[in-house]
Protein chains: 2
Amino acid sequence: MAPPKQINIAVLGPEGVGSHVLSQLSWISTHHPSTHFNLIYLATIDSALYSDNYKPIDIETALTQLETPGTTKPLPTLHSLATYLTNAPHRVILADNTSSDTIAQSYPLFLERGISIVTPNKKAFSGSYELWRDIFDAARCGGALIGHESSVGAGMPIISTMRDFGITGDRVNRIEGVFSGALSFLFNEFAQVTPYSTVSGGGRWSAIVKKARERGYTEPDPRDDLNGRDVARKVTILARLAGLPIELSSFPVQSLIPEELKGVGSAEEFLARLPEFDERMDEERDSAVKAGKVLRYVGSVDVVRRKVEVGLKWFEPHDPIARLEGSDNIISFHTKRYGDYPLIIRGAGAGGSVTAMGVTGDMLRILDQLG
Amino acid sequence: MAPPKQINIAVLGPEGVGSHVLSQLSWISTHHPSTHFNLIYLATIDSALYSDNYKPIDIETALTQLETPGTTKPLPTLHSLATYLTNAPHRVILADNTSSDTIAQSYPLFLERGISIVTPNKKAFSGSYELWRDIFDAARCGGALIGHESSVGAGMPIISTMRDFGITGDRVNRIEGVFSGALSFLFNEFAQVTPYSTVSGGGRWSAIVKKARERGYTEPDPRDDLNGRDVARKVTILARLAGLPIELSSFPVQSLIPEELKGVGSAEEFLARLPEFDERMDEERDSAVKAGKVLRYVGSVDVVRRKVEVGLKWFEPHDPIARLEGSDNIISFHTKRYGDYPLIIRGAGAGGSVTAMGVTGDMLRILDQLG
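Residues numbered from 1 in each chain as written. Chains lettered and ligands numbered in written order. Predicted model: local features only at pLDDT ≥ 70, side-chain atom pairs only at ≥ 80, totals over all residues. Heavy atoms only, no water.

**A short note on the side chain of B:Arg296**
All names here are of chain B.
Then, in step 1: Among the structural elements, Arg296 can be located in strand 11 (residues 294–302).
Then, in step 2: It turns out Arg296 is buried and unbridged, and the closest side chain with the opposite charge, Asp319, is 8.3 Å from it.
Then, in step 3: Side-chain polar atoms of Arg296 contact the backbone oxygen of Ile321, separated by 3.3 Å.
Then, in step 4: Residues within four places of Arg296 in sequence aside, it is in contact with Phe187, Asn188, Ala191, Val193, Gly311, Leu312, Lys313, Phe315, Ile321 and Ala322. (Helix = DSSP H or I, 4+ residues; strand = E, 2+ residues; numbered from the N terminus. Buried < 20%, exposed > 50% of the residue type's maximum accessible area, 1.4 Å probe, protein only. Lys, Arg positive; Asp, Glu negative; His and termini not counted. Salt bridge = Lys/Arg side-chain N within 4 Å of Asp/Glu carboxyl O. Polar contact = N/O pair within 3.5 Å; in protein donor to acceptor, adjacent residues only side chain to side chain. Contact = heavy atoms within 4.5 Å.)

Given below as structure tokens:
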């Protein structure tokens with residue numbers, strides 16, 4: 001009988017995805033008592049919960065403890081944190097639920113010391129290619145592992161599928177998909193397809209953007225979705241996993257922020273002026289409709305031609321990309337082994353609990369390998 | 001720097017999927033030289049290649065060696081094989097590429113001795129529930145691992161996704177899909193949907209069955225697909241992974257073999273008489289068409305109501321199940337976390353190289369955990 005597995009966990013960012021990560025860890029502890037995730041460090045943006053003797057923090061009450069005066073400590077520097085974690089008994093997984101660029105830049109510091117990293121944070125993997133290489137080199141040298149399943153498509157098996165293609169010797173020829181829940185919702189509403197594939201309009205673009213923001217499908221500032229950067233980051237990650245050493249800035253990314261509004265200050269001001277450009281978006285949609293096609297915002301990686309693109313594209317009304325619903329993501333993998341019909345994965349690509357599922361799934365895999 | 005990982009491999013069945021498994025192992029050895037898969041045993045149905053001192057067999061030339069007079073040995077009993085593998089240096093993975101029921105029944109014998117098993121063979125996991133329990137109990141006691149990703153949906157991430165739902169605490173409410181490449185092809189041809197969702201007929205049922213057989217989409221005897229048993233087996237596996245302790249014989253499975261032809265001997269005789277029943281299939285299709293629906297052969301697991309079904313069902317013309325192409329499989333997972341929109345995975349669910357990818361992917365995961 002295998003001995004119980006044990007690993008230490010340090011969590012950065014207990015809100016949002018982080019809160020779901022904590023509750024999933026708590027569920028796992030209760031339901032798989034042989035799985036020992038010891039939470040030894042939990043930090044917000046300005047304070048941390050940890051003890052010098054690595055005493056496990058009770059996950060159930062961790063969030064309450066964070067708010068109890070006197071129980072937290074000042075935030076250590078990332079260097080001190082790395083030292084603290086390096087000296088822990090058992091291996092350590094650092095779960096980075098923040099979107100901090102500073103923390104992303106410091107991954108190699110942790111990895112080279114044998115501290116594994118799991119994160120939904122895209123920044124590290126879509127930053128400079130030099131950082132990408134440093135991260136994977138540091139992990140190799142330190143014998144640490146990296147899990148970033150939820151950096152693309154939240155909890156869906158996207159990164160693991162790419163890895164399986166790579167390690168078993170399949171050849172990925174092309175990847176295409178809708179990688180943003182916000183842009184999925186916007187275009188599913190704006191360029192609709194009836195059940196019988198009649199392409200048609202939806203409402204006014206500016207009104208849909210407002211609605212999407214109110215319902216929480218977009219970032220608080222919708223421009224953070226409309227600029228296409230989030231899609232570009234995800235596409236960069238997949239392109240690199242497919243073997244293309246590309247930089248984020250090296251391929252065309254179509255922004256849906258009108259040139260005239262680039263100088264606008266607040267999100268509110270931007271949204272107030274957006275209706276001025278509804279006609280322009282109507283034209284985009286209508287020329288597609290006239291050709292019997294459906295307008296969508298997609299990212300694609302042509303591995304063979306080494307060409308990466310992010311922007312508007314027309315699709316046949318019966319194409320699975322034209323037929324998305326809600327704020328679903330969809331990703332098609334065209335590979336040598338899959339031949340004429342790609343492997344297609346579709347579902348929620350955002351949301352706290354599914355994103356956290358990608359993070360905790362990665363933790364469990366690392367525990368299996370290192371615990 | 002992590003030491004190179006090493007594990008012994010025993011392969012049963014070097015043809016079909018097995019030949020792809022061997023060539024993928026060979027690819028991995030060449031491209032990931034730090035991954036040491038030592039092939040120490042390779043067996044056909046009546047002879048085996050192995051040496052008393054566990055000398056690795058050259059994978060590249062293994063198939064030639066199998067045909068070289070004097071190099072093979074008589075097939076050992078499964079008990080002797082288990083003893084041989086138990087005494088090997090390093091851990092062992094047994095890859096069962098056969099569809100032998102006898103070998104499936106003997107999995108616990110290997111697992112309790114610490115020998116891990118990977119297989120595309122559905123039989124063990126869809127046999128009696130007692131065998132299922134014995135297999136997982138033996139693995140736990142022996143500290144061995146089990147990989148059967150390709151027992152459902154070939155190389156697609158179906159079993160691993162089910163496992164992730166389970167271990168991270170998601171709740172699967174319903175699973176539905178097209179689980180047979182043969183039945184997918186037959187119905188995609190027989191009950192067609194135009195790009196604009198007009199439902200319509202296809203050719204004659206008996207002619208399509210013949211065509212599918214000629215193109216290799218069905219088993220040599222198409223009745224092995226038409227009886228629905230293969231789908232029932234896959235659905236049984238998913239139902240069990242979702243927590244239902246069901247038996248294969250405990251739920252309705254609609255057979256597409258006409259009652260009148262149940263006594264017929266050869267596949268040829270069956271195919272010769274099948275046209276007599278074309279009208280009956282036309283009626284099935286046409287009543288769906290009249291209602292604006294599309295006829296498909298699906299399996300479903302309603303976890304909440306503990307209800308499992310395999311058979312014909314009508315779908316809306318814009319449903320992803322109605323819009324399948326080729327011989328693709330599609331599986332939808334309705335879970336608590338995914339909410340209103342299921343996670344959907346679609347792609348080739350059969351074929352040597354994609355099935356082997358599921359097998360070698362499992363081997364690599366086991367190597368990561370045990371090597």
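**Examining the interface of chain B and chain A**
Then, in step 1: Listed per partner, the contact involves 51 residues of chain B and 51 residues of chain A.
Then, in step 2: Buried surface at the junction of chain B and chain A, summed over both partners, amounts to about 4100 Å²; 61% is from carbon and sulfur atoms.
Then, in step 3: Viewed at the interface, chain A and chain B are joined by two salt bridges.
Then, in step 4: Here chain B and chain A share six residue pairs in polar contact (both at pLDDT 80 or more) between them. (Buried area = accessible area lost by both parts, 1.4 Å probe.)

**Describing the packing of helix 1 (residues 17–31) of chain B against helix 15 (residues 352–370) of chain B**
Residue and element names in this part refer to chain B.
Then, in step 1: Running from amino to carboxyl end, helix 1 crosses helix 15 at an angle of 55°, the nearest separation of the two axes being 8 Å. One finds that helix 1 runs oblique with respect to helix 15. In this structure, helix 1 meets helix 15 at a crossing whose hand is right-handed. Residues Val17, His20, Val21, Gln24, Leu25 and Ile28 of helix 1 lie in contact with helix 15, whose contacting residues are Gly352, Ser353, Thr355, Ala356, Met357, Val359, Thr360, Met363 and Leu364.
Then, in step 2: For the contact of helix 1 with helix 15, the residue count by class is nine nonpolar, six polar and no charged. (Axes fitted to C-alpha atoms, helices over the stretch in contact; angles between N-to-C directions. Parallel < 35°, antiparallel > 145°, perpendicular 65-115°, else oblique. Left-handed = near helix turned anticlockwise from the far one by under 90°. Nonpolar A, V, L, I, M, F, W, Y, C, P; charged D, E, K, R; others polar.)

**Remarks on the environment of A:Tyr41**
All names here are of chain A.
Then, in step 1: On the secondary structure map, Tyr41 appears in strand 2 (residues 35–43).
Then, in step 2: Assessed through its relative accessible area of 1%, Tyr41 is described here as buried.
Then, in step 3: With 116 residues separating them along the chain, Tyr41 and Pro157 place their C-alpha atoms 28 Å apart.

**Quick word on the side chain of A:Ser26**
Then, in step 1: Tracing the chain through its elements places A:Ser26 in helix 1 (residues 17–31).
Then, in step 2: Apart from residues lying up to four places away in sequence, A:Ser26 is in contact with A:Ile59 and A:Glu60.

**Details of the pattern of salt bridges**
Then, in step 1: Taken as a whole, this structure holds 46 salt bridges over all chains when the rule is applied.
Then, in step 2: Close ionic contact of A:Arg174 with A:Glu176 constitutes a salt bridge, the shortest N to O distance being 3.7 Å.
Then, in step 3: By relative accessible area, A:Arg174 is classed as partly exposed at 29%.
Then, in step 4: We note a salt bridge from B:Arg204 to B:Asp278, for which the minimum N-O separation is 3.7 Å.

**Let's talk about the domain arrangement of chain A**
Residues and elements named next belong to chain A.
Then, in step 1: On domain assignment, one finds that chain A holds domain 1 (5–153 + 353–370) and domain 2 (166–348).
Then, in step 2: The straight-line distance from the C-alpha centre of domain 1 to that of domain 2 is 31 Å.
Then, in step 3: Across the domain 1/domain 2 interface, buried area totals approximately 1300 Å², and carbon plus sulfur atoms make up 67% of it.
Then, in step 4: Contact with domain 2 buries surface across domain 1, with Ser126, Tyr129 and Val152 losing the most and accounting together for 43% of the total.
Then, in step 5: Linking domain 1 with domain 2 are one salt bridge, by the criterion used here.
Then, in step 6: Among the salt bridges present, the one from Lys122 reaches Asp230, with a minimum N-O distance of 3.1 Å.
Then, in step 7: The interface formed by domain 1 and domain 2 includes five residue pairs in polar contact (both at pLDDT 80 or more).
Then, in step 8: Sorting the residues of the side of domain 1 that touches domain 2 by element identifies helix 6 (123–126) and helix 7 (129–142) as the ones contributing at least two each.
Then, in step 9: In terms of residues, the side of domain 1 that touches domain 2 owes the most to one element, helix 6, which gives three residues.
Then, in step 10: For the side of domain 1 that touches domain 2, the class distribution of residues is five nonpolar, six polar and two charged. (Domains from an automatic or database assignment.)

**Here's the deal with the relation of the copies chain B and chain A**
Then, in step 1: Here chain B sits on chain A after a turn of 180° about the axis and a move of 0.0 Å along it, with an RMSD of 0.0 Å. The transformation just described matches what one would write down for a two-fold rotation axis.
Then, in step 2: Mapped onto chain A, 100% of the interface residues of chain B are again interface residues, and the two copies thus contact each other with one and the same surface. (Least-squares fit on C-alpha atoms with pLDDT ≥ 70 in both.)

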